[in-house]
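Overview (structure and organization)
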Amino acid sequence: MPETREPEARIFYANTRFEQLARQPGGVPREQALASAQVIIDELRSGFPDWLDRELLLLKEVLTRVESDLTDNASLEMAYRNCAQLQSVCAAMDYGLVTFVAENLCKIISTLLTGAEYDKDIVDCHISALLLAKSDQYRTMSPEQVPEMARGLRRVVELAKRNSR
């Protein structure tokens, strides 16, 4: 029987416009760019608590719309985007506990987007946890510093995932 050889794969890389621009000389050294970004973040920190309050209020309003009309996928998608934004911005601002709770809520909203049944108690639990996590006493904490809360919220997410199957 003749031996069949697989042809060797040929690997090639696309040369996109972005890659071409990235290879051009000039620009700002990495350390300088990071330092500049840190200055901007530090300037934004003073107004961050007000921004967070507004975003949480918006998230609550959107989730209330979802609760009143469970077929409102546009509001559900808006809630997911809002929650994901909370997660990423709070991570940049070192609000570890808010980041953790928002990440869990994103997982729950994601299950809702895939057709899971809306559970008001689960959503309300996470909204309450967000409000607690943003408070002065908790906002600089990490999930490891409040293990009971973190464990409980993780269990609730697992429950929501199981109920979505």
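Our subject is the structure that appears above.
Just so it is clear, the structure is predicted and the values come from calculations on it, not from any experiment.

So, the overall build of the protein chain
Regarding its fold elements, the protein chain presents seven helices and zero strands. In the protein chain, the succession of helices and strands from N to C terminus is α-α-α-α-α-α-α. Relative to the globule expectation of 15 Å for 165 residues, the C-alpha radius of gyration of the protein chain, 22 Å, shows a markedly less compact shape. Counting only C-alpha atoms and orienting by the principal axes, one finds that the protein chain spans roughly 65 × 55 × 35 Å. Residue burial in the protein chain is summarised as follows: out of 165 residues, 30% are buried. When the accessible surface of the protein chain is split by element, carbon and sulfur atoms take 53% of a total near 11400 Å². For the protein chain, the distance from the average site of its 20 positive side-chain charges to the average site of its 25 negative ones is 3 Å.

Quick notes on the side chain of His126
Along the chain, His126 falls in helix H6 (residues 120-133). Apart from the residues lying within four places of it in its own chain, the contact partners of His126 are Val101, Asn104, Leu105, Ile108, Leu153, Val156 and Val157.

Regarding the packing of aromatic side chains
Counted according to the given criterion, the structure contains two aromatic pairs. Judged by centre distance (5.5 Å) and plane angle (25°), the ring pair of Phe48 and Trp51 falls under stacked. Here Trp51 and Phe48 lie together in helix H3 (residues 48-68), a separation of three residues that amounts to about one turn. Among the residues examined, Trp51 registers a relative accessible area of 18% and is labelled buried. Plain terms: the ring middles of Phe48 and Tyr95 are 4.8 Å apart, the flat faces sit at 70° to each other, and that makes the pair edge-to-face. One end of the pair, Phe48, is in helix H3; the other, Tyr95, is in the loop between helix H4 (73-92) and helix H5 (96-113), and 47 residues separate them in sequence. Residue Phe48 shares its accessibility class with Tyr95, and that shared class is buried. An aromatic cluster is defined as three or more aromatic residues linked by ring pairs; in this entry it consists of Phe48, Trp51 and Tyr95.

What about the packing of H4 against H5?
Two numbers describe a pair of packed helices, the interaxial angle and the distance between the axes. Contact geometry for H4 and H5: axes closest at 8 Å, N-to-C directions at 160°. The angle between H4 and H5 falls in the class roughly antiparallel. Crossing of H4 against H5: the hand is left-handed. Only Val98, Thr99, Ala102, Glu103, Leu105, Cys106, Ile109, Ser110, Leu112 and Leu113 of H5 make contact with H4, whose side of the interface consists of Leu76, Glu77, Ala79, Tyr80, Cys83, Ala84, Leu86, Gln87, Cys90 and Ala91. When the residues that make up the contact of H4 with H5 are grouped by side-chain class, the tally is 15 nonpolar, three polar and two charged.

A closer look at H3
Taking 1.5 Å of rise per residue, 21 residues should cover 30 Å, and H3 covers 30 Å from first to last C-alpha, within 8% of that figure. Turning to H3, its buried residues are Phe48, Trp51, Leu52, Glu55, Leu56, Leu59, Val62, Leu63 and Val66. Down the axis of H3, the sector holding all buried residues measures 130°, keeping them to one side. The exposed set on the far side of H3, more than 90 degrees from its buried face, consists of Arg54 and Ser68. Where H3 is buried, its residues touch helix H2 (30-45), H4, H5 and H6.

Quick look at the packing of H5 against H6
Packing of H5 against H6 brings their axes to within 9 Å, and their N-to-C directions diverge by 165°. With respect to their mutual orientation, H5 and H6 come out roughly antiparallel. Two packed elements cross with a definite hand, and for H5 against H6 that hand is left-handed. Seen from H5, the contacting residues are Leu97, Val98, Val101, Ala102, Asn104, Leu105 and Ile108; seen from H6, they are Ile122, His126, Ile127, Ala129, Leu130 and Ala133. Per-class residue counts for the contact of H5 with H6 are eleven nonpolar, two polar and no charged.

The rules we used
Residues numbered from 1 in each chain as written. Predicted model: local features only at pLDDT ≥ 70, side-chain atom pairs only at ≥ 80, totals over all residues. Heavy atoms only, no water. Helix = DSSP H or I, 4+ residues; strand = E, 2+ residues; numbered from the N terminus. Rg over C-alpha atoms; globule rule 2.2 N^0.38 Å. Buried < 20%, exposed > 50% of the residue type's maximum accessible area, 1.4 Å probe, protein only. Areas by Shrake-Rupley, 256 points an atom, 1.4 Å probe, with all protein chains shown as cover. Lys, Arg positive; Asp, Glu negative; His and termini not counted. Charge placed at Lys NZ, Arg CZ, Asp CG, Glu CD. Contact = heavy atoms within 4.5 Å. Phe/Tyr/Trp six-rings, centres within 6.5 Å; stacked < 30°, edge-to-face > 60°. Axes fitted to C-alpha atoms, helices over the stretch in contact; angles between N-to-C directions. Parallel < 35°, antiparallel > 145°, perpendicular 65-115°, else oblique. Left-handed = near helix turned anticlockwise from the far one by under 90°. Nonpolar A, V, L, I, M, F, W, Y, C, P; charged D, E, K, R; others polar. Expected span 1.5 Å × (residues − 1). Arc of directions from axis to C-beta.

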